[in-house]
Amino acid sequence: MAVVGPVILKLLLPLILLWLNFNSLPLTQASKWESWKDQYPFIKAASSFSSSSSSSSSNVGSKKANYDYIIVGGGTAGCPLAATLSQKFSVLLLERGGVPFANANVSFMQNFHISLADTSPSSASQIFVSTDGVFNARAKILGGGSCINAGFYSRASSSYIKKAGWDSKLVNESYPWIEKQIVHKPNLAPWQRAVRDGLLEVGISPFNGFTYDHVYGTKFGGTIFDRFGRRKSAAKLLTSANPEKLHVLVHATVQKIEFDTSGKKPRAVGVIFKDENGNTHKAFLSKRRGSEIIVSSGAIGSPQILMLSGIGPKKELEKLNIPVVLDNKFVGKGMSDNPLNTIFVPTNRPVEQSLIQTVGITKMGVYIEASSGYGQTEDSIHCNHGVVSAEIGQLSTVRPKQRTQEAIEVYKRNKKNVPQEAFRGGFILGKIATPLSTGEISLKSTNIDDIPSVTFNYFSHPCDLKRCVNGIRIMEKLVKSKHFTNYTQCDKETLDKLLNMSVQANINLIPKNTNDTESLEQFCKDTVITIWHYHGGCHVGKVVTSDYRVINVHKLRVIDGSTFTESPGTNPQATLMMMGRYMGVQVLRERLGRAAGL
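Attention here is on the structure that accompanies the text. (Residues numbered from 1 in each chain as written. Predicted model: local features only at pLDDT ≥ 70, side-chain atom pairs only at ≥ 80, totals over all residues. Heavy atoms only, no water.)

### Quick word on unusual backbone geometry
- Ser 205 connects to Pro 206 through a cis peptide bond whose omega is 5°.
- Mapped onto the elements of the fold, Pro 206 is located in the loop between helix H11 (190-201) and strand E7 (207-210).
- Although it is not a glycine, Phe 459 adopts a positive phi angle of roughly 60°.
- Here Phe 459 lies in the loop between strand E23 (453-455) and helix H16 (462-480).
- Exposure remark for Phe 459: the relative accessible area of 8% places this residue in the buried category.
- Phi angles above zero are rare outside glycine, and Asn 552 is one such case at about 65°.
- Among the structural elements, Asn 552 can be located in the loop between strand E24 (529-530) and strand E25 (556-558). (Helix = DSSP H or I, 4+ residues; strand = E, 2+ residues; numbered from the N terminus. Buried < 20%, exposed > 50% of the residue type's maximum accessible area, 1.4 Å probe, protein only.)

This is the structure in C-alpha cells:
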C-alpha cells in the first residue's frame with residue numbers, strides 16, 4: 001500500500017472533473033425558490049442604486065450618501081456582519097456576484113461539483129490556477145464560500161480563540177447565533193461511518209461523537225445542508241437584519257475605495273462600484289463619528305481592493321501607475337493555503353452521496369476527512385467544462401500548440417476504457433492543519449475582474465512535507481483497515497485499470513516525477529491540490545490592528561480570512577461566520593458605548 005496509496009492519489013481531480021453531470025433540478029422546482037424576494041426585500045440589483053431608492057448617491061456629482069457602514073463583499077463574514085450592524089445603523093452591502101436562493105447548483109447538495117466546475121460568467125465560483133500550478137476557486141455570490149463549499153461546520157479550537165485575542169464569552173455567544181439559524185446535525189452516511197470506524201481502528205481516538213468543538217480524536221460535525229440536502233448559506237443570516245436599515249446590492253463590483261488625504265492620515269470616504277450593466281456609481285460614508293468602510297472580500301479580494309485603492313507595497317503600485325495612498329509592504333504577503341492530498345477508494349456498488357461529515361483531528365498536524373458518492377451517467381464522463389474539463393484539463397501540461405483536437409480525441413477514447421467502478425466509491429482526504437509555507441498575491445492589472453497572481457509555495461517549508469507524509473501513512477492504514485476491506489472489496493481487474501489511469505492522470509499543472517514511485521515526499525508534491533481554505537494577505541499587526549482597523553488609515557477595516565495567519569478549525573466557515581457576528585457586536589458596543597459616554 002505504500003506505493004499503491006500515493007499512486008491512487010493522482011485520481012482525485014480527474015474524478016472530480018468527471019463527477020460533474022448531476023442532473024440539475026428542473027426549472028419548475030427551482031422556481032419554488034423565487035419567494036426569496038419576499039424574505040429579502042432589501043436585496044436589489046446594483047443598477048437600481050439611486051438617491052431616491054436608498055438615500056445614497058448614483059454617479060459622480062449626485063447627492064452624497066448617508067451610510068454609517070459600507071461593507072465591500074457579501075461573503076461568509078460579510079453577511080453576518082451586515083445583519084448585525086443593521087440593527088442600529090444604516091448599512092450598504094456590496095456584492096459582486098448574484099443571489100444564491102434561486103440557483104439550484106448552489107442550493108442543493110447533489111449539485112455541489114457543478115458550481116465548482118462552472119466557468120460561465122454567471123457561475124457562483126471563479127476558477128483560477130495559482131502560479132504553483134494548482135487549480136483553485138474563489139466564490140462570486142452573495143454568501144461567499146459558504147455557497148460553494150462542502151458544508152462542514154466545525155468551530156475553532158480554544159487555543160485559536162485565545163491566540164486571536166478574541167473575547168471568549170462573546171465568541172461563545174456568536175457561534176450559537178449562527179448555529180440556531182443555519183446549522184444542522186447530519187444523518188451520518190454509511191461511508192462516513194466506515195471512515196469513523198476505520199479512524200478509531202488505526203488509533204485516531206477517542207471518539208467524540210457529534211460536536212461542533214475542535215478536539216483531538218474522531219468526531220462528526222455540523223453541516224449547513226438540511227435533511228433534504230438544501231444549503232443554508234451565510235446569505236440566509238441576512239434574515240436577521242433590520243430590513244429598514246440594510247441595503248444589499250448584488251452584481252455590484254467595487255473598483256476602489258476613495259480617500260480624503262488632506263489630513264495626517266488618509267481617511268476612507270466612499271467607494272466606486274460598477275453595476276451589472278457596466279455603469280459606474282459612487283457611495284459615500286456618513287460624516288458621523290464612527291462610520292466606516294469595511295472590506296470583507298476574502299483572502300484574495302481584500303488585499304486586491306486595498307492595492308487597487310492605493311494601499312500596498314509602493315513599488316508594486318507604482319508599476320501599475322496606481323496613486324499611492326499608503327505604502328505598506330505587507331499587503332498581499334503571507335498568503336497560505338492548506339495542502340490537500342487524497343486517496344480514491346473504489347467500491348463494487350454505488351454509495352450514498354456524502355460530503356464532509358466525519359473528521360479525524362490528529363496530533364500530527366493533519367486532518368483526515370472524507371466524501372463519497374455521486375450521481376452521474378455514463379455519458380456524463382464526456383462532458384466539457386472549459387479549462388477544468390476532463391478533455392481540456394487533462395491536457396493542461398501539454399503546450400497549447402500541441403493540444404490539438406486529435407490529442408483531445410485520443411484522450412477521450414482512452415477515457416472510455418475506465419471501468420464504471422472507478423466512479424463508485426469515495427475519497428479519503430488529508431489536509432495539512434497549519435502550513436508554515438507562505439506566498440503572496442500581486443496585481444496583474446488595475447482591472448478588479450482580473451484575479452491577481454497568487455503563489456502559495458506549497459511544501460517550501462520542510463515541516464509541511466513531513467506532515468503530509470504522516471497524513472498519507474494514516475490514510476493508507478485507514479484504507480487497509482477491516483472496515484474498509486469489508487466495505488470496498490474491489491476486484492483486481494478494476495484496481496489495475498484505476499492504477500493504470502492514475503499514472504497518466506494530471507490533477508494539477510505541476511510537472512510530475514512519474515519514475516519516483518516510492519517516495520511519499522515526492523507524491524505529496526506531485527499530487528497536491530487545494531481544499532479552498534487559503535488565507536492571509538492582510539495580517540493582524542502588519543496590515544490591520546487587533547480590532548481589524550487598517551493601520552494608519554481612518555475609517556477603514558478588514559474583517560475576513562485575509563487577516564488569519566492560519567485557517568481556524570478543520571474547516572474555516574464556522575469561524576468566519578462567527579467572526580462577522582462577533583465583530584458586528586464589538587463595533588456596535590464600541591460605538592453605542594462611546595455615544596452614551598461610557
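### Some thoughts on the layout of surface pockets
- One number sums up the size of the largest pocket: a volume of about 500 Å³.
- Lining the largest pocket we find 23 residues, and of these Gly 97, Pro 121, Ser 122, Lys 140 and His 251 sit closest to its centre.
- Residue composition of the lining of the largest pocket, grouped by class: five nonpolar, twelve polar and six charged. (1 Å grid on protein atoms, 1.4 Å probe; cavity = no way out; pocket = protein on both sides within 12 Å on 5 of 7 lines; lining within 4 Å. Points joined across faces, edges and corners; volume = space filled by probe spheres on them. Nonpolar A, V, L, I, M, F, W, Y, C, P; charged D, E, K, R; others polar.)

### With respect to the state of the cysteines
- If you walk through the whole model with that rule in mind, you get one disulfide.
- The disulfide partner of Cys 468 is Cys 524, and the gap between their sulfur atoms is 2.2 Å. Classification of the bridge connecting Cys 468 and Cys 524 rests on its S-S torsion, roughly -100°, and on that basis the disulfide is left-handed. With Cys 468 in helix H16 and Cys 524 in helix H19 (residues 520-526), this pair connects stretches of sequence that are 56 residues apart.
- A disulfide-free cysteine, Cys 147 has its sulfur positioned 7.7 Å from the sulfur of Cys 79, the nearest such atom. (Disulfide = S-S within 2.5 Å.)

### Description of the sheet that holds strand E11 (residues 253-260)
- With antiparallel pairing, three strands are arranged side by side in an open sheet as E11-E12-E13. Of all strands in the sheet, those with a lone pairing partner are E11 and strand E13 (280-284), marking the two edges. Averaged over all pairs of adjacent strands, the angle between strand axes in this sheet comes to 25°, irrespective of strand direction.
- The pairing of strand E12 (residues 267-274) with E13 spans five bridges and is classified as antiparallel. Residue pairing in the sheet places Ile 272 in a bridge with Lys 282 of E13. (Pairing = 2+ DSSP bridges. Axes fitted to C-alpha atoms, helices over the stretch in contact; angles between N-to-C directions.)

Geometric values such as these leave the question of function open.
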